[in-house]
Amino acid sequence: MATLDDYEAFVAIVKYGSLTKAARELGRSLQAVSRALAALEKDVGVRLVHRTTRRLQPTSVGLTFHGRLKIVLADIESARFEAAAGGAVVAGDLRLGASTLFAPTYIVPALAAFMDRHPAVNIELVLADHFQDPVGERLDLAVRIGELPDSNLAARRIGVLRRVAFAAPRYLARHGRPERPSDIKHHACVIRTVARAPLRWTFGGGPGEELVEVHARFSSTSAAACNEAVAQGLGIGTAPLWQIRGLLDTGRVELVLIDFEPEPTPVHLVWSSRKLLPARTRSLIDFLAARFPSEKLG
């Protein structure tokens, strides 16, 4: 039988005309959204969406179904918030996970503002450089940077991060500036070894996406070490723009291949979908989501 998640996925698919965009908006994996559509069509017994190579279009039945669902889902969401807000006190302890480099710049100032608004809330911030598991690590909430794997976690996207290629001016003066992604093959590169595919860099997005094999002259598990190595002239590197903002502003590095940047990296809040959220957790989720309304965190 179709679930509420399946209905929400269908509404997002119709809205965006794409499984990928719907998954990104919902904070779910592409596979999960595709399965949700298949489960819903099986449950109702009719085709709801026409699939083409470029876009998903609702059938006439699907369009009518979508209109009814939007009203129902809006009523359910309103009921949820009314119930959660009824007499709830925002107080108690919160345990939040985030990345070591990202949290001090973006999360801590937001937490300070939240705690100023809710003085009865205490927060423990747990920093790590791996994808934290809210259930296994006893976290009320975690900030995740990157595409979400298929899981039973609930999620809400709060922003996206621009990922850039960069190099030191002296490296570029000595070795030349790459004009297109394929030029990277002829340059020394600085590699962060914990990346999923450290020796393959992605440029561009959509149909124009290009994977380039790179040569590592310097590598490290540390993002800070890699960024500094680039600033020292050891080669070309890639990183989220927010990580190298200081190096860029002081002229120690320059951006390269700006016209070929990959799709922005999403940032999500994730939490266990198996338990009812207390008012303090729901309030923090809403607060952080509202904190970054432009979705551009770096």
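In this report, the structure presented in the accompanying data block is examined. (Residues numbered from 1 in each chain as written. Predicted model: local features only at pLDDT ≥ 70, side-chain atom pairs only at ≥ 80, totals over all residues. Heavy atoms only, no water.)

Below, the discussion takes up the pattern of salt bridges. Per the counting criterion, the structure on display carries nine salt bridges. In this structure, the salt-bridge partner of R28 is D5, at a minimum N-O distance of 3.6 Å. With R28 in the loop between α2 (19–26) and α3 (30–44) and D5 in helix α1 (residues 4–16), the pair connects residues that are 23 residues apart, well separated along the chain. The class of D5 is partly exposed, set by a relative accessible area of 45%. For D286, the salt bridge identified is with R156, shortest N-O distance 2.7 Å. (Salt bridge = Lys/Arg side-chain N within 4 Å of Asp/Glu carboxyl O. Helix = DSSP H or I, 4+ residues; strand = E, 2+ residues; numbered from the N terminus. Buried < 20%, exposed > 50% of the residue type's maximum accessible area, 1.4 Å probe, protein only.)

The element strand β5 (residues 141–145) is extensively covered by neighbouring structure, given that four of its five residues are classed as buried. Pairing geometry for strand β3 (residues 92–99) and β5, over two bridges, is parallel. Paired with G97 across the two strands is A142, which belongs to β5. Inspection of the sheet shows β5 paired to strand β14 (residues 265–272) by four bridges, in the antiparallel sense. (Pairing = 2+ DSSP bridges.)

It is worth spelling out the sheet that holds strand β4 (residues 121–128) at this point. Sheet architecture is open: five strands sit in the order β4-β3-β5-β14-β6, paired in mixed fashion. Lying at the two open borders of the sheet, with one neighbouring strand each, are β4 and β6 (153–161). For this sheet, the mean inter-axis angle between neighbouring strands, taken without regard to orientation, is 20 degrees. Judged from the eight bridges that link them, β3 and β4 form a sheet pairing that is parallel. Counterpart to D93 in the pairing with β4 is N122. (Axes fitted to C-alpha atoms, helices over the stretch in contact; angles between N-to-C directions.)

So, on to unusual backbone geometry. The backbone of R138 sits at a positive phi, close to 55 degrees, despite the residue not being glycine. Structurally, R138 is set in the loop between β4 and β5. Of the residues examined, R138 reaches a relative accessible area of 62% and is grouped as exposed. The phi dihedral of L257 is positive, around 55 degrees, even though this residue is not glycine. In this fold, L257 is placed in the loop between β13 (254–256) and β14.

We now examine the pairing of strand β8 (residues 188–192). The buried count for β8 comes to four of five residues, which makes it a mostly enclosed element. When β8 meets strand β11 (residues 215–220), the two strands line up parallel, connected through five bridges. Within β11, the position partnered with A188 by the bridge is H215.

The subject of this paragraph is the packing of aromatic side chains. Applying the stated criterion across every chain, the model contains six aromatic pairs. Pairwise contacts between aromatic rings join Y7, F10 and F65 into one cluster. (Phe/Tyr/Trp six-rings, centres within 6.5 Å; stacked < 30°, edge-to-face > 60°.)

Scope: geometric values only; no functional claims are made or implied.
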